[in-house]
Amino acid sequence: MKAGGLSLAAVLLTSVAARAQTPEPEPADTAEPDEPPVTVEDLRAQMQDLEARLDETRNIATFRRPIVTVAGYIDLGFFVPTGEGVGVVQDVGPNRVFPQYANQYSWVFLGDLLAPTVNSRGEAASLGNLPGVTRFDSIDSTGAPTFLINEVNLRLDAAVSRSAIATASVDFMPRSGREFSLGDFLEVDLAQLEWMPTRSGRTSIFVGKFESVVGIEYRDRKSTERFGVTPSLISRYTTGTALGIKVRSKFGENDRLVLAAAVTNGSSTTEQFHFYDEIDSNAGKTVSGRVSVRPVPMLDLEVGLSGEWGPQDHALDSTHYLWFAGVDLLGHFGALDVKAQYLKGGAPGQIGAPADPNHQPYGLKLHNGGYLELDWMATPLLGFLARGEVRDADVWLGDPNSSTRGERLYITRQWRVTGGVRVVVNQHIAAKAEYLHNGEYGSIPQIADDVFTSSLVLSY
Amino acid sequence: MIRARGTFAVTSLALALAAPAHRARAADAKDRAPTAADFARLEKEVADQRQLIIQIMQTEQERYDILLKLLQGSGAARSNPSLPPLPTSGGAEAPSAKEEPAPAAGRTRETASVGAVTGRVQARAGTLKDAYVYVDLVRGSPAHGKTVEIKQKDKQFSPRVAVVLRGTSVVFPNLDPLYHNVFSTSGRNSFDLGAYRAGDAPRSVVLTTPGVVEVFCNIHSRMSASILVVPSAYYAKVNPDGSFRIDNVPVGARKIVAWSPGAKPAQEKIEVGPSGGQANFVLDEEPATAHLNKTGQPYGSYKE
């Protein structure tokens, strides 16, 4: 061993000596090696020097990290509707289902416009050609099987300080143009600053355009977060993003209690629905809140109560109020997620003749709305979804008791069951497919509006 | 002795050759904006330096071993108090998170050169969970080949507290059907295992530097674990009544550290004699602080 050690030292010393004697010019950043340290103290000093330089290197690396992260996804879809892909029929003629409304509304429709949902945005396969209104029918498939780019999303998150994040999320929707106009549109989905003023980071204050606090479905409203393809029938009331200010605080171990409250321009309904207004047309603001608890410490089970109240969007005054109230449940049990929500709500709509036809609020009676969804990842690759739901609501425009009569009335008694499959190829690719079977109850006739839909989500 | 010197010479020469080059490049870098190439070079240097440090530590250990054997052979083991002590053989047996770590009372070396450290650990307010006491600045052999497992299940680490001997490999199997990304930014034990899910090969990290390693998931902010990397097998878990005992601690001036997750570590310097030493601690709660993700940004309140 001694001989081996001596040989190694000799080889190394010879090598160093040979390097020193090389006639080629030495690079500027090389130097003669120092004498090797011979004491433990020297070695420790050498180590400290190395460790200091390591820290310096790490700091440089840390501060070179970008403060902006770019993310997003492409959501590609393909769907096959039944019938014409339209969720409503007109109640007209001598065999009207609801003859009592014949003299109160110009048009009465039965069913749910958004029941034949095809994507995570909640868009319908077709809105049909209903009389009396020119709608923006974003897909307008006329019942044809269709490939579709559901959404291209771009999200920017910037850490503007250690306790604040600025977020912008923009959706791009390529759609069919018509009569020399482009059908493509974009939507600023989120534009918010989240500030966490406390050391624990358990309280957040949001300003800007942010996610709702009503219910639980807003958490997986985007297709990268949603287990399946389509939202529930009541998502239109709870998953919109509104402008204002929001506070959210968590308390207790494992967030035993979470409180959230928001003051916003308008409601948390989705933008395409009748009740949403991005810019307020009245001075009153909408307040909303949610309280959730985890009642069983050992279970990942959250139960929440939430609600919303405020002047109706599109109204020119603050005298008519839209409200929602509901309960929700969210449980994670290993590979099984259980989600349930129940919601009620109402709004009086326009009373009397409208002062401005462009600012008429819709009326709403959401008698019952709710769903139960089970998401099960059978393997890391393959998951299954089952959802049952109901929506019992009346929506109208205009005052049926005024001299001008009501303009239109939608009567919905809808149930729906959905079965789906999810394949997670890797962290960036997920493929999903669903079949939605829509049914009507009460005296509403059955409408052919089932949908098979699928989605390939490519996230980046 | 010659072998130790030979290894020592290798390391020292490597250091001497590397250091001037690094300094010259660093001076250049200050005069201009850093580039991607600089960044890559720095990353490589970090890896090289880390490797060098490990080599130095190993060399140092070998040197200690040989010196102590020589001194013990000549009966002069206690004549030079500045010499670092030789850890017990327990150092090679890295205790896992499930094992009781203190060297067994029966594993004594020369009774005159070791003593037991005893004492109590209390919380100033509330109760302590998973408190440990260890002897710092005493290096035992690293735990080569030892592996400890921390599972990721139901969006939690399990166990959430682990104590490992330096050099232990910690493996993080993901049992959830969704992706997790385990990482730590705890000083020299920083690592990033990337994203993987159940069914993927579990990824692991070798923790070489004593200290506390806070482990998180870059996707789920509520996932956290604490790993205490101890320098030697001289450590003990604090009993429910607050008492502890560490046997076979080499005599001399020793730094004793008490640690518990969620509390500020406390340390005390004591003199350990053949009759032992005493150290008592009162740990203060450390206010909960939101941690950042692996890129140094806040998570946001909805990343749960």
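Residues numbered from 1 in each chain as written. Chains lettered and ligands numbered in written order. Predicted model: local features only at pLDDT ≥ 70, side-chain atom pairs only at ≥ 80, totals over all residues.

1. Looking at the overall build of chain A
This is how it is decided: Only DSSP runs of H or I covering at least 4 residues are called helices, and only runs of E covering at least 2 are called strands; the numbering of each starts at the N terminus. Counts of 20 or more other C-beta atoms within 10 Å of a residue's own C-beta define buried residues, counts of 12 or fewer define exposed ones, and intermediate counts define partly exposed ones; C-beta atoms are placed from the backbone. Residue pairs qualify as contacts under a 7 Å threshold applied to their C-beta atoms, which are placed from the backbone.
Within chain A, the secondary structure is distributed over three helices and 18 strands. Scored against the burial criterion, the 460 residues of chain A give a buried share of 41%. The long-range share in chain A, meaning contacts at least 24 apart out of those at least 6 apart in sequence, stands at 59%.

2. Considering the sheet that holds strand 17 (residues 277-283) of chain B
All names here are of chain B. Stated precisely, the cut-off is as follows: DSSP-based pairing: two strands are paired if at least 2 bridges between them are found. Axis definition: a line fit to C-alpha positions, over the contact stretch in the case of helices; interaxial angles, taken between N-to-C directions, run 0 to 180 degrees.
Spatially, three strands are ordered 14-1-17 in an open sheet, and the strand pairing comes out mixed. Across the chains shown, the open sheet's two edge strands, defined by having one partner strand only, are strand 14 (243-250) and strand 17. Strand-to-strand twist across the sheet, computed as the mean angle between neighbouring axes with direction ignored, equals 25 degrees. Sheet analysis places strand 1 (residues 114-123) next to strand 17, joined by seven bridges and oriented parallel. Considered in strand 17, the bridge of Gly119 is made with Ala279.

3. What to know about the confidence of the model for chain A
Residue and element names in this part refer to chain A. Selection rule: Note: pLDDT gives the predictor's confidence per residue, expressed from 0 to 100.
Residues of chain A with pLDDT of at least 70 account for 90%, and the chain-wide mean is 87. For chain A, helix 1 (residues 2-21) is the element with the lowest average pLDDT, namely 41, and strand 18 (residues 451-459) is the one with the highest, namely 98. Counting contacts from residues 1-35, a segment whose pLDDT is below 50, to residues more than four positions away or on other chains yields 28 contacts.

4. Quick look at the nonpolar core
Counted only if it meets this: Core membership is restricted to buried Ala, Val, Leu, Ile, Met, Phe, Trp, Tyr and Cys residues, and these are joined into a nonpolar core through C-beta atoms within 7 Å.
Formed by 53 residues in total, the largest nonpolar core has its most connected members in Val133, Ile227, Tyr235 and Ile246 of chain B. Per-element tally for this core: the top contributor is strand 12 (residues 224-230) of chain B, with five residues. Residues Leu113, Phe324, Ile411 and Val451 of chain A belong to the second largest nonpolar core, which totals 45 residues.

5. Quick look at unusual backbone geometry
Residue and element names in this part refer to chain B. Omega for the bond connecting Ser158 with Pro159 falls within 30 degrees of zero, at 0 degrees, which places this linkage in the cis form. Within the secondary structure, Pro159 is located in the loop between strand 5 (156-158) and strand 6 (161-165). Its identity is not glycine, yet Asp154 carries a phi of approximately 55 degrees, on the positive side. With respect to the secondary-structure elements, Asp154 resides in the loop between strand 4 (151-153) and strand 5. Asp154 sits in the partly exposed class, given 14 other C-beta atoms within 10 Å. Its identity as a non-glycine residue notwithstanding, Asn248 has a phi of 60 degrees, on the positive side. Structurally, Asn248 can be placed in strand 14.

6. What to know about the confidence of the model for chain B
All names here are of chain B. Across chain B, pLDDT averages 76, with 66% of residues at or above 70. Contacts of residues 1-30 to residues separated by more than four positions or lying in other chains number 49 contacts, the stretch itself having pLDDT below 50. Note that residues 74-111 has pLDDT below 50 and, in this model, 74 contacts with residues that lie over four places away or in other chains. Per the prediction output, this complex has pTM 0.75; the corresponding ipTM is 0.76.

7. Things to note about the pairing of strand 8 (residues 180-184) of chain B
Residues and elements named next belong to chain B. Counting buried positions along strand 8 yields five of five residues, so the element is predominantly enclosed. Burial along strand 8 is two-sided: the face carrying His180, Val182 and Ser184 and the face carrying Asn181 and Phe183 are both buried. Examined bridge by bridge, strand 8 and strand 9 (residues 191-196) share four bridges and lie antiparallel to one another. Among the inter-strand pairings, Phe183 is bridged to a residue of strand 9, identified as Asp192. Following strand 8, the chain reverses through six residues before pairing antiparallel with strand 9; Gly187 in that reversal takes a positive phi of roughly 50 degrees. Here strand 8 runs beside strand 11 (residues 211-217); their pairing, made up of two bridges, is antiparallel.

8. Overview of the environment of Thr117 of chain A
Residues and elements named next belong to chain A. Inspection of the secondary structure assignment puts Thr117 in the loop between strand 3 (105-111) and strand 4 (146-161). The spatial distance from the C-alpha of Thr117 to the C-alpha of Asp450 is 8.9 Å, given a sequence separation of 333 residues. Other than its neighbours up to four places away in sequence, Thr117 contacts Gly122, Ala124, Thr230, Pro231, Leu436 and Val451.

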